[in-house]
Amino acid sequence: CSEVLEHVSDLPLMVRDVCRLVRPGGGLLVTTMDRTALSLLLTVVLAEQLLRIVPPGTHHWAKYVPPLQLTRLVSAEGFQVVRTVGAAYNP
């Protein structure tokens, strides 16, 4: 599930449904935007407003998902978080 969660209206429902699609013993890799000042600056201010490389309104910072929130959601579905890694955009 990559770069989708920050766009959905019902995050717990989406995480639950994605987790249900993983076969027993399988793994789940998730990438999403963390709700930080840097992510606001880079995705909304820079990419949308200044550079206009994505349409305005594409990103809603309030929907960005902090790692702890995602960990709690997938743990509630019976998943064990093995590793959380930060990443950065590299054009």
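Computed from a predicted model, the values in this text were never measured in an experiment. (Residues numbered from 1 in each chain as written. Predicted model: local features only at pLDDT ≥ 70, side-chain atom pairs only at ≥ 80, totals over all residues. Heavy atoms only, no water.)

A. Representation of the overall build of the protein chain in the model. Counting its regular elements, the protein chain contains 3 helices and 0 strands. Each helix (α) and strand (β) of the protein chain, taken in turn from the N terminus, gives the series α-α-α. If one aligns the C-alpha atoms of the protein chain with their principal axes, the spans along those axes are about 45 × 25 × 20 Å. Within the protein chain, the fraction of its 91 residues that count as buried is 21%. Element-wise, carbon and sulfur atoms account for 60% of the exposed surface of the protein chain, whose accessible area totals about 6,600 Å². (Helix = DSSP H or I, 4+ residues; strand = E, 2+ residues; numbered from the N terminus. Buried < 20%, exposed > 50% of the residue type's maximum accessible area, 1.4 Å probe, protein only. Areas by Shrake-Rupley, 256 points an atom, 1.4 Å probe, with all protein chains shown as cover.)

B. Representation of the nonpolar core. Grouped together as the largest cluster of nonpolar side chains are 9 residues: Leu5, Val8, Leu11, Val15, Cys19, Val65, Leu70, Leu73 and Val74. Where this core is concerned, the elements lending two or more residues are α1 (11-20) and α3 (67-76). Setting aside residues no more than four positions away along its own chain, leucine 70 makes contact with Leu5, Val15, Val30, Thr32 and Val65. (Core = buried A, V, L, I, M, F, W, Y, C linked by side-chain atoms within 4.5 Å. Contact = heavy atoms within 4.5 Å.)

C. Geometry of unusual backbone geometry. Phi is positive for glutamate 3, close to 55 degrees, though the residue is something other than glycine. Looking at the secondary structure, you find glutamate 3 in the segment before α1. The partly exposed category is assigned to glutamate 3, whose relative accessible area is 36%. A positive phi angle is found at arginine 52, which is not glycine, with a value near 55 degrees. Among the structural elements, arginine 52 can be located in the loop between α2 (37-50) and α3.

D. Just the packing of α1 against α3, in detail. Relative to each other, α1 and α3 sit at 50 degrees, their axes nearing to 9 Å. Overall, the two elements α1 and α3 adopt an arrangement that is oblique. Judged by the twist between their axes, the crossing of α1 over α3 is right-handed. Where α1 abuts α3, its residues Leu11, Pro12, Val15 and Cys19 lie against Gln69, Leu70, Leu73 and Val74. Across the contact of α1 with α3, the residue classes tally to 7 nonpolar, 1 polar and no charged. (Axes fitted to C-alpha atoms, helices over the stretch in contact; angles between N-to-C directions. Parallel < 35°, antiparallel > 145°, perpendicular 65-115°, else oblique. Left-handed = near helix turned anticlockwise from the far one by under 90°. Nonpolar A, V, L, I, M, F, W, Y, C, P; charged D, E, K, R; others polar.)

Purely geometric stuff here, so don't read any function into it on its own.
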